[in-house]
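Coordinates in review
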Amino acid sequence: MFGTLKMHLGRFRHGVHPPEHKALTSHLPVRRLPFPDEIVLPVRQHAGKPARPIVKPGDRVERGDMVAAADGWVSVPIHASAAGTVTDVGLWPHQDGSYETAVRIAVDPNSAQAPRARLIPAWEGLAPKAIVEAVRHGGVVGLGGAAFPTHVKLSPPEDKPLDAIVINGCECEPYLTTDHRMMVDYPDRVHHGIRIMMRVLGVDRVLVGIEKNKPDAIERMRETAPKDLDVEILPLRVRYPQGAEKMLVEAVLAREVPSGGLPMDVGVIVQNVGSVASIAEIFETGLPLIERVVTVTGRGVKKPANLIVPVGTKIRDLLEACGGLTDDAREVVSGGPMMGAAIANFDAPVMKGTTGIVVLRDVDCEERTQMPCIRCGHCLDACPVFLNPQVLGKFAMNSRYDEMADDHHVWDCMLCGCCSYVCPSHIPLSQLFAASRTALRKSKATA
Amino acid sequence: MSTSRRWLVTASPHLGSPESTQRIMWSVIGSIVPICVAGIYFFGPSALLVLLAAVLGALVTERVFGKRGTLGDGSAVITGLLLGLTLPAGIPLWMAFVGSAFGIGFGKVIFGGLGQNPFNPALLGRAFLQAAFPAALTTWPTNTGADGTVFSHFRLDRLGEWAALRGDNFALPFMRPEVVDTTTSATPLGIAKFQGLEEVQKSGIEMSDLLLGSTGGCIGETAGVLILLCGGYLVLRNHMNWRIPVSIFVAVALLSGVFQLVDADKFSGPLTMLFSGGLMLGAVFMATDMVTSPVTHKGCWIFGIGIGALVVVIRYWGGLSEGVQYAILLMNAMVPFINRVTQPRVFGTRVQKVRVTA
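Not measured: the values here are computed from a predicted model.

**Points about the overall build of chain A**
Counting secondary structure elements, chain A contains 14 helices and 17 strands. Since a compact globule built from 447 residues should have a radius of gyration of about 22 Å, the 22 Å found for chain A is in line with a globular shape. Referenced to the eigenvectors of the C-alpha coordinate spread, the extents of chain A come out at roughly 65 × 55 × 50 Å. Per-residue burial for chain A yields a buried fraction of 61% across its 447 residues. Relative to all contacts within chain A whose residues are 6 or more apart in sequence, the contacts with residues 24 or more apart total 73%. Only carbon and sulfur atoms are counted for the fraction: they give 53% of the accessible area of chain A, which is about 16800 Å². The distance from the centre of the 50 positive side-chain charges to the centre of the 52 negative ones in chain A is 1 Å.

Put into C-alpha cells, the structure is as follows:
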C-alpha cells in the first residue's frame, strides 16, 4: 500500500514558523467558568445550513434542551448550555461582524444547573448507524475552528473506502493551547473518542499527529493509549499550518489529497482531538455539545487561562472572567492569530467552533506600511499548497479574478496567511485572495 | 473594560514576520560596504569619489523623478553603490553621476519605480556608459607604483602614492580628461583576450592576486573572496537566493573546464574565469537582484546557468574581454518567460495511486 510502504515523513513542505507564544497558557490546567447571567446561542455556528429555532420567548429550558433544530443533513441542532428562560429570539451580534438570529436565555440564578437524565444513550450497545445518529442529535461539530458537522464526517459515502483515521493534535496556530490541554488533562477521553470512531467507521488504524512543542501531551497520550487498539502517536516537526488536514495527511501518511478533494479521497478521515473528545463526552455525560474548552490568552488579557466555557457565553463575560484587559490591549481575535477573525463587538458569543480568544497589545499589532512587491519569492517558499502568491497578488490588485481562478488555482488557497506573514513588503496577500474569491462568487451568482 | 476604546479590526493574519523590504535593502547595503572599503584600499581616494558620485546620481534622480518618499527604502543607494563598484577608479566623476542617473531614470523610474523594472538598473547604467564612453571604462589603474611594485599594503612611506588620484576624476563634462601620471594596466581578462594566455603568465599576475584583489580592474570587482563572504552573509539572512550565484559558478566552471581540456593555450581555465573580471560581483550582487531575477527556485537555476553560459561565450568569442553585464541583462529579459514555465506544481495535482485497503 502506497501510504505504509513509505515511512511517514513527520512533516509537510513549505509553511512558516511564527513565534509560538504558547507558554502563556500551556502550563495551566483547564478549569470551569461559572455560568454567566445570559447565554446567547446563534443559529449559525456550524458549517452548513443554520439551525431553526424551536423555542419562543418565555419558554423555560433546562440544561441540554434543544433550542434550535437541525435543518437538513449538513446541519446540527443547538442546545441550551444553561437552565433559564428564553427572553428573545432575534438578531444578535455575531463573531463575523454581522447580525444573526440567536436564542437569548436569561440564566436562572437559582437553578442547580443539574443535567437532565441521560439525553444521549450509552454507545456500547449501539450499531454504528445508531451511534452516528446519537452524535447528530448531540449537535457535535469539529472543534478545530471550521465547525463541520461530525455526523457527516462519520458517514463517508460507500464508494470511498477508508483505511486510516488521522487525529489532529497539531494545534499549529500560535497562542492557542486548547487541544494541548485537552490531551494533557483528558487523554482518556480522547482515546475513548478514538475507540468510538474506529467502531463507527470500521477502521483499525489510527495515527495521532502532535507537534513536538507539546512533549507533555505526546507523553500523556502515549501513556494512556489502550493496548488493544492500533493507535500510533507521531511527534511532528513544529510548522504552521500543519493542522490543515491536507498538510497533516501529507505529514503522517505521505499521501497527497487531490486538489479540490477531501482526505477521504485518499482513504483518510481527519478529526481534531477536541472534536474526538467531544464525541466521547456526549456519551460519557449523556449531554449534547453545550460547552467547550477555550483558550483566553495574549498579553492584552490580565489572567490568561484555559477554560471550559458554556457555548453562548458572551466574549465580554469571558474576558472579564480572565481579569479584564490591559490598558494597551488593542485587538481581540477569535481563533488563532494566523487565521482568526478580529472581533468588533464583544457582545458576540462563544460558539462551538471558537478555539480561543487572543488579545493583542499595541506593540503586537503595529501598523505596517505596504511597499511594492520586489519579487523576492518568499511567498512561494511559504505557500503550503504550492501556489504562486506573487502572481496571484498582482492579478488581485488589478481585479483580474478570472485568470486567478482559471490559471492560478486561487480556489486551492486555504487562506492560511503564510504568504502575508512572510511578505517583506507587507502586502495583505491572503486578504486579497479572500476578496477575489468573494468577487468570483458574486460574478458567478449574477452570471 | 471600556467600550469607548477604539479597537483594531484587521484581516488575518494578525502576526507578521519582522522582515521588511527596507530591512532587506539596508542589509544588502551593509554587505556591500566591506567591498567598497576594499576598493578604496586598493584604488585610493579616487575609488571613494567615484562611489560617492554614483550614489549621488542615483539619489538625485530618484528624488527628482521618482515617487515621493522612496529614498528611504535604500534601493537607490544600492544601485548607486553597485554601479560605482563596476567602474574603474580613474573615471571622471561626472560620468559616474550620469551613469547612475541613467540607470535609475531609464532603468527604474520610467517603469514605475521599485519592483517594476525588468533590467538591473546598475547594469543598465553601466551598459550606457560603456556604449557612450568606451575608453574611459576600459582604462584600468593598477595598485602598483611607477616602479611596478605593489604599494597598497599599508606602507606609510608609500602613502602618497596611495593617496594620488588614479585618473582625472575632476575632468569637466565632455572635456578630454587630462592624462594623469598613474600606472594603468590591462586586466587579466583583457590580456588573455587581446594578447594571448601566455602573456598573462608573463605579466606576473598570480592566482592569489585574483582571489584577494590586488590586480587591475574595476573598484569593487577584484576582491573575489571578500565578495563571496559578503554574499554568504546575505544568504544566511535569507536575503539572497544562493541558487543563482551557485548555478552561475557551476556553469562557468564546467564550460570553461571543458574548453580548457580542448585547448589549454587558447582558453582560460575555471579558476581564472571565476575570479577575474566582474564575474564574482555580478554573480553575487547583480544577478541576485530580487526584482530582476526569477521567483521560482527552478527558474533561478535556469537563470544562473544561462548567465554562466553566456559569460563563457562572450568572454571566449565576443568582441569584449568582459561579458558579465551583458549576460545578466540578456537573462533579465528572459525572466518573465522563465517564471511562466517554472510555475510550481500545485498541491494535489499529482496523478497518484493510493490503494486503500479497507
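**Looking at the pattern of salt bridges**
It is possible for side chains of opposite charge to pair when their charged atoms get near one another. Residue and element names in this part refer to chain A. Counting across every chain of the model gives 28 salt bridges over all chains. Across the pair arginine 361 and aspartate 364 runs a salt bridge, and its minimum N-O distance is 3.2 Å. One salt-bridge network, in which partners are shared between bridges, spans Glu38, Asp88, Arg104 and Lys314.

**Section: the side chain of aspartate 412 of chain A**
Checked against the element boundaries, aspartate 412 of chain A lands in the loop between helix H12 (401–407) and helix H13 (418–422). Excluding residues within four positions of it along the chain, aspartate 412 of chain A makes contact with Lys246, Ser259, Gly260, Val385 and Leu387 of chain A together with Val346 and Phe347 of chain B.

**Digging into the packing of helix H2 (residues 128–137) of chain A against helix H8 (residues 273–285) of chain A**
Residue and element names in this part refer to chain A. Interhelical geometry of H2 versus H8 gives an angle of 90° and a closest axis separation of 10 Å. Compared by their axis directions, H2 and H8 come out roughly perpendicular. Between H2 and H8, the residues in contact are Ile131, Ala134 and Val135 and Ile279, Ile282 and Phe283, respectively. When the residues that make up the contact of H2 with H8 are grouped by side-chain class, the tally is six nonpolar, no polar and no charged.

**Let's talk about the domain arrangement of chain A**
As a measure of interface size, the accessible area lost when the parts come together is often cited. Residue and element names in this part refer to chain A. Taken domain by domain, chain A holds domain 1 (1–33 + 114–364) and domain 2 (378–446). Domain 1 and domain 2 are separated by 27 Å when their C-alpha centres are compared. Across the contact, 17 residues belong to domain 1 and 15 residues belong to domain 2. A buried area of about 1100 Å², summed over both sides, lies between domain 1 and domain 2, and 67% of it is on carbon and sulfur atoms. On inspection of domain 1 and its partner domain 2, the count reaches zero salt bridges. At the junction of domain 1 with domain 2, the criterion picks out five residue pairs in polar contact (both at pLDDT 80 or more).

**Some points on the interface of chain A and chain B**
If you look at the interface, chain A gives 71 residues, while chain B gives 48 residues. Carbon and sulfur atoms make up 60% of the surface buried where chain A meets chain B, a total of about 5100 Å² over both sides. Together, Glu256, Ile374 and Arg375 of chain A form the three largest contributors to the area buried by chain A at its contact with chain B, with a combined 16%. For arginine 345 of chain B, the salt bridge is made with glutamate 256 of chain A, and the minimal N-O distance between the two is 3.0 Å. Our count for the contact surface shared by chain A and chain B stands at 21 residue pairs in polar contact (both at pLDDT 80 or more). Residue contributions to the side of chain A that touches chain B peak at five residues, all from strand E15 (residues 329–334) of chain A. A per-class count over the side of chain A that touches chain B returns 39 nonpolar, 16 polar and 16 charged.

**Some details on helix H3 (residues 75–85) of chain B**
Counting buried positions over the 11 residues of H3 of chain B gives 11, a clear majority of the element. In this structure, the buried side of H3 of chain B is in contact with helix H1 (21–43), helix H2 (45–65), helix H4 (93–107), helix H5 (121–132) and helix H14 (279–286) of chain B.

**Digging into the pairing of E15 of chain A**
Residue and element names in this part refer to chain A. E15 sits mainly inside the fold: five of its six residues count as buried. Examined bridge by bridge, E15 and strand E17 (residues 356–361) share five bridges and lie antiparallel to one another. Among the inter-strand pairings, glutamate 331 is bridged to a residue of E17, identified as leucine 360. One ladder, built from two bridges, connects E15 with strand E16 (residues 341–342); its direction is antiparallel. Counted as the bridge partner of valine 333 is alanine 342 from E16. Where E15 folds back onto E16 in an antiparallel hairpin, the turn is made up of six residues, including glycine 335, whose phi is positive at roughly 95°.

**A short note on unusual backbone geometry**
Residue and element names in this part refer to chain A. Following tyrosine 240, the chain continues into proline 241 via a peptide bond in cis, with omega recorded as -5°. Mapped onto the elements of the fold, proline 241 is located in the loop between strand E11 (231–236) and helix H7 (245–253). Positioned with a positive phi, histidine 14 is a non-glycine residue whose angle comes to about 70°. Mapped onto the elements of the fold, histidine 14 is located in the loop between helix H1 (2–5) and strand E1 (31–32). With phi around 55°, serine 399 is a residue other than glycine that occupies positive phi space. Tracing the backbone through its elements, the reader meets serine 399 in the loop between helix H11 (389–397) and H12. Owing to a relative accessible area of 46%, serine 399 belongs among the partly exposed residues under this scheme.

**Here we look at a nonpolar patch on the surface**
Residues and elements named next belong to chain B. On the surface, a nonpolar cluster with roughly 530 Å² of combined accessible area is contributed by Trp242, Val246, Val250, Leu254, Trp301 and Ile305. Listed by contribution, the elements that provide at least two residues to the nonpolar patch are helix H12 (243–262) and helix H15 (297–317). It is H12 that contributes the most residues to the nonpolar patch, three residues altogether. Along the chain, tryptophan 301 turns up in helix H15.

Thresholds, definitions, all that
Residues numbered from 1 in each chain as written. Chains lettered and ligands numbered in written order. Predicted model: local features only at pLDDT ≥ 70, side-chain atom pairs only at ≥ 80, totals over all residues. Heavy atoms only, no water. Helix = DSSP H or I, 4+ residues; strand = E, 2+ residues; numbered from the N terminus. Rg over C-alpha atoms; globule rule 2.2 N^0.38 Å. Buried < 20%, exposed > 50% of the residue type's maximum accessible area, 1.4 Å probe, protein only. Contact = heavy atoms within 4.5 Å. Areas by Shrake-Rupley, 256 points an atom, 1.4 Å probe, with all protein chains shown as cover. Lys, Arg positive; Asp, Glu negative; His and termini not counted. Charge placed at Lys NZ, Arg CZ, Asp CG, Glu CD. Salt bridge = Lys/Arg side-chain N within 4 Å of Asp/Glu carboxyl O. Axes fitted to C-alpha atoms, helices over the stretch in contact; angles between N-to-C directions. Parallel < 35°, antiparallel > 145°, perpendicular 65-115°, else oblique. Nonpolar A, V, L, I, M, F, W, Y, C, P; charged D, E, K, R; others polar. Domains from an automatic or database assignment. Buried area = accessible area lost by both parts, 1.4 Å probe. Polar contact = N/O pair within 3.5 Å; in protein donor to acceptor, adjacent residues only side chain to side chain. Pairing = 2+ DSSP bridges. Patch = residues over 30% accessible without salt bridge, like charges linked within 9 Å, V, L, I, M, F, W, Y side chains within 5 Å.

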